[in-house]
Amino acid sequence: MGLIVHKYGGTSVADLEKIENVARKVIRTKEAGNEVVVVLSAMAGETDRLIALAQKAAEDPDPREFDSLISTGEQVTVTLLAMVLNRLGYRAKSFLGTQVKVHTDQAFKKARIVRIDEKVLKHELKKGTICIVAGFQGVDEEGNITTLGRGGSDTSAVALAAALRADACDIYTDVDGVYTTDPNICPQAKRLAKISYDEMLEMARAGAKVLQPRSVEMAKKYNVPVYVKSTFTDEGGTLVTKEDKDMEKEVVSGVTYDRDQAKFTVVRVPDRPGIAARLFTPLADKNIVVDMIIQNASVEGFTDLSFTVSRKEVKTAREIVEKAAREVGSERVEVDENVSKISIVGVGMISHSGVAAKMFATLAREGINIEMISTSEIKISCVVHAKYTELAVMALHEAFQLEQRS
Ligand code: ASP
Ligand code: MG
């Protein structure tokens, strides 16, 4: 007996039939004697549809109105699930972010949760109510509806699990766990029974779509055990948890790719103190995340500076960077959207040498040119031409013998 948070993604609630299936799973957990909180996404494709609508209404929609609109998909699914559960004879109640309340900052489209009131939910849970909470949304201190960024209902679920001190957080999705790489690209990909928070975080940041990175950060911070499971089978599953000794034996746990990359190059920047700050501060002010940065060797007092941002932010970033580049006296700005980031991730890298060399040699053998490199303690990423994405993933998966993982 305990308190369990279930989260269901868009494909698991895509229509009423699927919502009935979710209701059965929720009931099973409830009947086992648990208190249950359910977090839902919008129906598959619904958030995309709403975003497209907003963009038809205005080229650059007001962020406050935009978030109010795109959060509505979740209102549909939580209320439908509550109705189905009620019909089946269970006490169930839906809650929007503003009703819980899920307090966030004011960064529309990518708000961060700052605090969750657990009073209302605790009260309902005590009465035996199944609480169904709309994922992806919150409320700022002025009462505006905010959203947490694409895939944000994972973060809603983990944040609720942390706030309610839940015993487990089960993330139900259309795949049966976390794989060594995307099985759609590489059929040899293996499901991992267990993965550490740090590895999962790096994989999510490097483009693995299963969990939103923020949700993993939060799970790690509050030590929430997260199970990634399939809605459609009882088999499989991956536990995301604290690192243990066994995990370090494996050098690499996964290969990920991220096509959502655009590379900016600011050409002939004067090589003086303070220039990088003047280029990157205005981007930070607009909440644009800069990923990789490289600065070339200086020639006659000038240097080239390259960095990557999300492709979705190219338009805004270009305006900001072109203005800043003019102000610091650089020659021009180039933008390349045909790039992709390939990463290998593993806690074992800390204690094994030669991992980077092996990655570079593998890409070289396939004739793939590396445009940028960045590393962390447990991750190595290379930016390559987008057309090599699949080839690079398959070659690295084979080179690090990931088909032998279990
Ligand atoms: N419905 C939102 C999205 O499509 C949130 C989520 O699915 O996690 O991004
Ligand atoms: Mg998702």
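As shown above, the structure is provided for reference.
Engineer: Got a minute to help me understand the site of ligand 1 in this structure?
Structural biologist: Ligand 1 sits among Ser41, Ala42, Thr47, Glu74, Phe136, Arg150, Gly151, Gly152 and Ser153. The separation between a nitrogen atom of ligand 1 and a polar side-chain atom of threonine 47 is 2.8 Å. Between a nitrogen atom of ligand 1 and a side-chain N or O atom of glutamate 74, the distance comes to 2.7 Å. The protein chains hide 86% of the 260 Å² of surface that ligand 1 would expose on its own. Of the residues that constitute the shell around ligand 1, the class distribution is two nonpolar, five polar and two charged.

Engineer: Explain helix H6 (residues 119-126) here, please?
Structural biologist: Those residues of H6 that sit buried are Leu121, Glu124 and Leu125. What you see down the axis of H6 is that its buried residues fit within an arc of 100°, all on one side. Turned more than 90 degrees away from the buried face of H6, the exposed residues are Lys119 and Lys126. Turning to H6, the residues buried within the fold contact strand E1 (3-8), strand E2 (35-40), strand E3 (92-95), helix H5 (97-100), strand E6 (130-134) and helix H7 (153-163).

Engineer: Sorry if this is basic, but what is going on with the sheet that holds strand E15 (residues 254-270) here?
Structural biologist: In a beta sheet, neighbouring strands pair by backbone hydrogen bonds and run either parallel or antiparallel. If you trace the six strands from one edge of the open sheet to the other, you get E16-E17-E15-E18-E20-E19, paired in antiparallel fashion. Where the open sheet ends on each side, the last strands, each with one partner, are strand E16 (293-295) and strand E19 (372-376). Across this sheet, the average inter-strand angle for adjacent strands is 25°, counted without regard to direction. Sheet analysis places E16 next to strand E17 (residues 302-309), joined by three bridges and oriented antiparallel. Among the inter-strand pairings, glutamine 295 is bridged to a residue of E17, identified as leucine 305. Against the sheet, helix H12 (residues 314-328) engages E15, E17 and strand E18 (332-345), with an angle of about 25° to E15.

About the cut-offs
- Residues numbered from 1 in each chain as written.
- Chains lettered and ligands numbered in written order.
- Predicted model: local features only at pLDDT ≥ 70, side-chain atom pairs only at ≥ 80, totals over all residues.
- Heavy atoms only, no water.
- Near = heavy atom within 4 Å.
- Polar contact = N/O pair within 3.5 Å; in protein donor to acceptor, adjacent residues only side chain to side chain.
- Areas by Shrake-Rupley, 256 points an atom, 1.4 Å probe, with all protein chains shown as cover.
- Nonpolar A, V, L, I, M, F, W, Y, C, P; charged D, E, K, R; others polar.
- Buried < 20%, exposed > 50% of the residue type's maximum accessible area, 1.4 Å probe, protein only.
- Helix = DSSP H or I, 4+ residues; strand = E, 2+ residues; numbered from the N terminus.
- Arc of directions from axis to C-beta.
- Contact = heavy atoms within 4.5 Å.
- Pairing = 2+ DSSP bridges.
- Axes fitted to C-alpha atoms, helices over the stretch in contact; angles between N-to-C directions.

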